[in-house]
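# Remarks on the overall topology
Residues per chain, in single letters:
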Amino acid sequence: MHTPTYNAFLDTLRTMNRRPVPLELVADGKTWHFERPADAGGAKVLLLVNPHNPTGHCFTLAELHELAELAERHDMIVVSDEVHADLAFAPDAHIPFGTLLPDQTITITSASKAFNMGGVHCAVAHLGHPGVRAALNAQPPHLYGAASVLAVEATVAAWRHGDMWLAEVMSILDRNRKLIAERIPPHVRYQIPAATYLGWLDFGIPDAAGYLESEARVRLNPGPLFGAPDGFARLNFGTSGPILEEMLTRIAAAMPSPKGDIVRA
């Protein structure tokens, strides 16, 4: 699995007593790339988050081909979380992993992120792997409950009729992701995300999220939640312009300079 990664997956692996084998995402100044491992470390599942949470990286076709080759060579099932698929900023584009390795891929997605419908609790899974399909079909029919009719209708309506609404949202998010780059202190490392409404920042100070909550009164998600050092934090910029501007003003005013002085906005 890529590290850093969505915190719920890390929590789930710990609960299931499974050992994560990291596939590290590294920043190169312009974008992110993963360090290709020598082998799969005995892993049986490749857990992919694309577009990526928390970095906002959209995996390129070349990167996905490398991952597909790795999964095929080590006979790994690929579980691809593509819940942010609708939130890629042009010219970047989301490429479904199932188009590369259909018989080994389980794709999981939802309209919840792009259309702000987390509360309806509806997800969609495509089970390309025949073994997983058979194992699920062998379970008691009502073991996992049933999807809410209201949630299904809301999901279908969003994907069929929500294009104009989503285009407006993407325009706001595009402005916001660039605003962070303009307003964040220059010694804070930030790469404009290619997708999602999440900014991944390296503040370079101990307990960055705790410090900013205390000193700037801005609450970010701390890096260790995602398996990263505590100098990192995740900023959700899915909000209005004035709120984001206030957040960035407070962060800039509270951030120590590289010499330890306070930077005043």
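Structure report, in brief. Computed from a predicted model, the values in this text were never measured in an experiment.

The rules behind each value
Residues numbered from 1 in each chain as written. Predicted model: local features only at pLDDT ≥ 70, side-chain atom pairs only at ≥ 80, totals over all residues. Heavy atoms only, no water. Phe/Tyr/Trp six-rings, centres within 6.5 Å; stacked < 30°, edge-to-face > 60°. Helix = DSSP H or I, 4+ residues; strand = E, 2+ residues; numbered from the N terminus. Buried < 20%, exposed > 50% of the residue type's maximum accessible area, 1.4 Å probe, protein only. Pairing = 2+ DSSP bridges. Contact = heavy atoms within 4.5 Å. Axes fitted to C-alpha atoms, helices over the stretch in contact; angles between N-to-C directions. Expected span 1.5 Å × (residues − 1). Arc of directions from axis to C-beta. Polar contact = N/O pair within 3.5 Å; in protein donor to acceptor, adjacent residues only side chain to side chain. Salt bridge = Lys/Arg side-chain N within 4 Å of Asp/Glu carboxyl O.

### Quick look at the packing of aromatic side chains
One pass over the structure, following the stated rule, counts four aromatic pairs. Each ring, one from Phe115 and one from Trp165, has its centre 5.8 Å from the other, and the planes form 25°; the classification is stacked. Separated by 50 residues along the polypeptide, Phe115 in the loop between strand E6 (105-109) and strand E7 (124-127) and Trp165 in helix H5 (residues 163-183) bring together distant segments of the chain. Overall, Phe115 belongs to the buried group, its relative accessible area being 9%. Ring geometry for Trp200 and Phe226: centres 5.6 Å apart, planes at 85°, overall edge-to-face.

### So, the sheet that holds strand E2 (residues 23-27)
Strand order in this open sheet of three strands is E1-E2-E3, and the pairing throughout is mixed. Edge positions in the open sheet fall to strand E1 (2-3) and strand E3 (32-34), since each of these has one partner strand only. In terms of strand pairing, E2 meets E3 through three bridges, oriented antiparallel. When the bridges of E3 are listed, Val26 appears paired with His33. Contacting E1, E2 and E3, helix H2 (residues 61-73) runs over the sheet at an angle of about 15° to E3.

### A word on helix H4 (residues 149-161)
Side chains three or four residues apart in an α-helix point the same way, a direct result of the helix having 3.6 residues per turn. With 13 residues, H4 extends 18 Å between its outermost C-alpha atoms, agreeing within 8% with the 18 Å of an ideal straight helix rising 1.5 Å per residue. Among all positions of H4, only Ala151, Thr155 and Ala158 are buried. The buried residues of H4 occupy an angular sector of 65° when projected down its axis, which confines them to one face. Looking at H4, the residues exposed on the side facing more than 90 degrees away from the buried face are Val149, Leu150, Glu153, Arg160 and His161. One side-chain oxygen at the N-terminal end of H4 lies 3.3 Å from the backbone nitrogen of Leu150; it belongs to Ser148.

### Notes on the pattern of salt bridges
In this structure the tally under the stated criterion is seven salt bridges. Note that Arg177 and Asp174 form a salt bridge whose closest N and O atoms lie 2.7 Å from each other. Highlighted residues: Arg177 and Asp174, both in helix H5, separated by three residues, approximately one helical turn. The class of Arg177 is buried, set by a relative accessible area of 9%. For Asp174, a relative accessible area of 22% gives the class partly exposed. Salt-bridge contacts for Glu246 lead to Arg250; the nearest nitrogen and oxygen are separated by 2.8 Å.

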